[in-house]
Amino acid sequence: MHEYKVGIIGATGMVGQRFVTLLANHPWFRLTVLAASPRSAGKRYEEAVAGRWAMDVPIPEVAKDMVLLSAQDDVETIASQVDFVFSAVDMSKDAIQALEEEYARHECPVVSNNSAHRWTPDVPMVIPEVNPQHLEVIPAQKQRLGTQRGFIAVKSNCSIQSYVPALTPLLGYGIEKILVCTYQAISGAGKTFETWPEMVDNLIPYIGGEEEKSEQEPLKVWGRVENGVIVNADAPAITAQCLRVPVSNGHTAAVFVTFKNKPTEEQMKEAWRTYQGRAQALKLPTAPQQFLHYFEEPDRPQAKLDRELEGGMAVSVGRLRPDTQYDYKFVSLSHNTLRGAAGGAVLLAELLCAEGYIEPVR
C-alpha cells in the first residue's frame, strides 16, 4: 500500500486529539499537517493543547512540535501539502459545510467526523462493515463539485454505531420496528469528569438533536445509491431515547426489535458470530478481526470491561432474550471516540484508499 500524507483540521479538540494518537504510528498514513482555529495558528501543537489534552496517552512525539495552521485561512496551503484531510472542526453547521466543500474544491478529499454533510444526498455516510457500497455515489458528487479528486465522505453519528452494526446482520429477517435507548458517555460531548464535574453521580435525560439522529441516520446507512444520490430506506420504524450517563467512554444501547420473519435466538447469535464486512475482507489496518462479539454472561457487555475490545473498534453484544412487547431485546456497546468517531473515520479513510477513491499524488 502507498504512503499517504494526511492533515487534521480541528486538531486540538477531543476528536482531533484522538485522530493525532491514531495517526502517530499508522502504517499507511503519515501525519503531515495539523490545523485548528485561527487563534491557535502559529502555536506548537503541544502548546496549543496544554492544559486540555484529554487522551489517556501522552501527546505523540511526531505532533508535539508541529506548528498549527489555520483550518479556515490556510486551505490552499494545507490542500497542497496532503493527500487528504480528516475534519473534526468545531463550527456552525453552515460554516462546516462551506469549509469542507472548500477543501474538496481545492482537490483535497475530506473524511469528516462532523454531522454537517450527513444529509447531503450525494455525500456517503459510511460504516465500512455496513454500507461500503455507498462510496459509489462519489463520482456524482465530484461532478456536482466540479472536481477531479476532491470529495467529502462522512462517518455516522457515534451513538448509532452502538446498535446499527448489531442489527445489520438481521436485516434479512425483515426488521419491522426498533426501539432503542442509548446511554452515552461524556466524551461524546467532548468532556472529561475533570471538565464536567456536574456529571459525577448524575444522569441527564437529554442530548440535543441526538434522538432525531438516532432515528433517522440508520435509514440513510441502510439506504441505496440511485441516480447519483443516496435514497433512504423506508423501513424499519425506529424510535429512540438518548441519555447522558457518568461514563468516560463507551456508548451502550438497549435495543428492542420486531421481525417480519422471526429468527431464533441461536440464528441471531450465529448471524453476529459469522458477520464479516468489507473492512475485514480487505484486512484494513484499523479493522477488528471480529466485528461483532456476543457475550453469554448476563452482566456483559460493560463499558469499562469491553469498550477497548480489538483496539476499541469491535462492537459488543449481549443479553439477548425474548420480550413481551417486541420479539427480542438485547444490549450492545461501542467505544464512542474510537469506533464511533476518530477510529471509524480512520477506518473509512483506509477503505477509501484501498478501493482507489483516494490516490496519493504528492
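Above this note sits the structure.
The sections below set out a description of the structure shown in this document.

Here is what the cut-offs are and how they apply
- All residue numbers refer to positions counted from 1 along the written sequence of the respective chain.
- Local features in this predicted model are restricted to residues whose pLDDT is 70 or higher, and side-chain atom pairs enter the listing and the counts only when it is 80 or higher, whereas totals over whole chains, interfaces and linings include all residues.
- Only hydrogens and water are removed before side-chain values are computed, so all heavy atoms of the structure are retained for them.
- Salt bridges are defined by distance alone: a side-chain nitrogen of Lys or Arg within 4 Å of a carboxyl oxygen of Asp or Glu.
- Strands here mean DSSP runs of E at least two residues long; helices mean DSSP runs of H or I at least four residues long; both are numbered from the N terminus.
- Buried residues are those whose accessible area, probed at 1.4 Å on protein chains only, stays under 20% of the maximum for their type, while exposed residues exceed 50% and partly exposed ones sit between those limits.
- We call a set of buried residues a nonpolar core when its members are Ala, Val, Leu, Ile, Met, Phe, Trp, Tyr or Cys and they connect through side-chain atoms within 4.5 Å of each other.
- Whether two residues touch is decided by their heavy atoms; if any such pair falls within 4.5 Å, the residues are in contact.
- By the criterion applied in these results, polar contacts are pairs of N or O atoms within 3.5 Å in which, for protein atoms, one can donate a hydrogen and the other can accept it, and in which residues neighboring in sequence qualify only through two side-chain atoms.
- Expected span, for any helix, means 1.5 Å times one less than how many residues it has.
- Whether two strands pair depends on DSSP finding at least two bridges between them.
- Orientation is described by axes fitted as lines to C-alpha atoms, over the contacting stretch for helices, and by angles from 0 to 180 degrees between their N-to-C directions.
- Within 6.5 Å between ring centres, the rings of Phe, Tyr and Trp (the latter by its six-membered ring) count as paired, and their orientation is classed by plane angle as stacked under 30 degrees, edge-to-face over 60, tilted in between.
- Note on criteria: charge over ring means Lys NZ or Arg CZ within 6 Å of the ring centre, with the direction from the centre no more than 35 degrees off the ring normal.

1. Looking at the pattern of salt bridges
Inference 1: Enumeration according to the criterion identifies 16 salt bridges in this entry.
Inference 2: Linking Arg 144 and Glu 101 is a salt bridge whose minimum nitrogen-to-oxygen distance equals 3.3 Å. With Arg 144 in helix 6 (residues 138–145) and Glu 101 in helix 5 (residues 93–105), this pair connects stretches of sequence that are 43 residues apart.
Inference 3: Glu 101 gets classed as buried once you look at its relative accessible area, which sits at 17%.
Inference 4: Three or more residues joined by partner-sharing salt bridges are found here, namely Glu 101, Arg 105, Asp 122 and Arg 144.

2. Comments concerning the nonpolar core
Inference 1: Residues Tyr 103, Leu 167, Ile 178, Trp 222, Trp 272 and Phe 330 are the most contacted members of the largest nonpolar core, which totals 55 residues.
Inference 2: Beyond its immediate stretch of four places on either side in the chain, Leu 167 contacts Ile 175, Ile 178, Trp 222, Val 255, Val 257 and Phe 330.
Inference 3: In this structure, Ile 8, Met 66, Leu 284 and Ile 358 belong to the second largest nonpolar core, which totals 42 residues.

3. Brief notes about unusual backbone geometry
Inference 1: For the bond from Ala 235 to Pro 236, the omega torsion is 5°, close enough to zero to count as cis.
Inference 2: Here Pro 236 shows up in the loop between strand 9 (229–231) and strand 10 (237–244).
Inference 3: Here Arg 300 and Pro 301 are connected by a cis peptide whose omega angle stands at 5°.
Inference 4: Even without being glycine, Glu 107 reaches a positive phi, approximately 65°.

4. Section: the side chain of Asn 336
Inference 1: Here Asn 336 shows up in the loop between strand 14 (328–334) and helix 13 (338–354).
Inference 2: Side chain to side chain, Asn 336 and Ser 187 meet in a polar contact 2.8 Å long.
Inference 3: Among the polar contacts listed, one links the side chain of Asn 336 to the backbone nitrogen of Gly 250, at a separation of 2.6 Å.
Inference 4: Those residues in contact with Asn 336 that lie beyond four places of it in its chain are Cys 158, Ala 185, Ser 187, Gly 188, Asn 249, Gly 250, His 251 and Ala 341.

5. Points about the environment of Glu 46
Inference 1: By the element assignment, Glu 46 lies in helix 2 (residues 45–48).
Inference 2: Considered as a pair, Glu 46 and Arg 30 are 16 residues apart in the sequence and their alpha carbons are 18 Å apart.
Inference 3: Beyond its immediate sequence surroundings of up to four residues, Glu 46 is in contact with Ile 59 and Lys 64.
Inference 4: Within the structure, Glu 46 has its side chain in polar contact with the side chain of Arg 44 (distance 2.8 Å).

6. Points about helix 5
Inference 1: For helix 5, which comprises 13 residues, the first-to-last C-alpha distance of 18 Å matches the rise-based estimate of 18 Å (1.5 Å per residue) to within 8%.
Inference 2: Of the positions making up helix 5, those classed as buried are Ile 96, Leu 99, Glu 100, Glu 101, Tyr 103 and Ala 104.
Inference 3: Considering only its buried residues, helix 5 is in contact with strand 1 (4–9), helix 4 (75–81), strand 4 (84–87), strand 5 (110–112), helix 6 and strand 6 (152–154).
Inference 4: Once helix 5 ends, the next one or two residues include Glu 107, with phi positive near 65°.

7. Re the sheet that holds strand 1
Inference 1: Across the sheet, which stays open at both edges, the 6 strands sit in the order 3-2-1-4-5-6 with parallel pairing between neighbours. The sheet terminates laterally at strand 3 (69–70) and strand 6, the two strands that pair on one side only.
Inference 2: Relative to strand 3, strand 2 (residues 29–36) runs parallel, the two being bridged by 2 bridges. Paired with Ala 35 across the bridge in strand 3 is Leu 69.
Inference 3: Strands in contact with helix 13 are strand 1, strand 2, strand 4, strand 5 and strand 6; relative to strand 4, the strand with the most contacts, it is inclined by about 155°.

8. Examining the packing of aromatic side chains
Inference 1: One pass over the full model with this rule turns up 14 aromatic pairs.
Inference 2: Here Tyr 173 and Phe 259 contribute two aromatic rings whose centre-to-centre distance is 6.3 Å and whose plane-to-plane angle is 80°, an arrangement assigned as edge-to-face. Within this pair, whereas Tyr 173 is found in the loop between helix 7 (164–167) and strand 7 (175–184), its partner Phe 259 is found in strand 11 (residues 251–259), the two being separated by 86 residues in sequence.
Inference 3: A relative accessible area of 23% means that Tyr 173 is categorised as partly exposed.
Inference 4: Geometrically, the ring pair formed by Tyr 275 and Phe 291 is tilted, given 6.2 Å between the ring centres and 40° between the ring planes. Taken as a pair, Tyr 275 in the loop between helix 9 (265–274) and helix 10 (278–281) and Phe 291 in the loop between helix 10 and strand 12 (292–295) lie far apart in primary sequence, 16 residues in all.
Inference 5: For Tyr 275, a relative accessible area of 17% translates into the label buried.
Inference 6: You can call Phe 291 buried: its relative accessible area is 0%.
Inference 7: Connected via pairs of aromatic rings, a cluster forms that spans Tyr 4, Phe 19, Trp 28, Phe 29, Phe 84 and Phe 86.
Inference 8: Stacked on the ring of Tyr 326, the Lys or Arg Lys 177 has its end atom at 4.8 Å from the ring centre.

So yeah, pure geometry; function would need other evidence.
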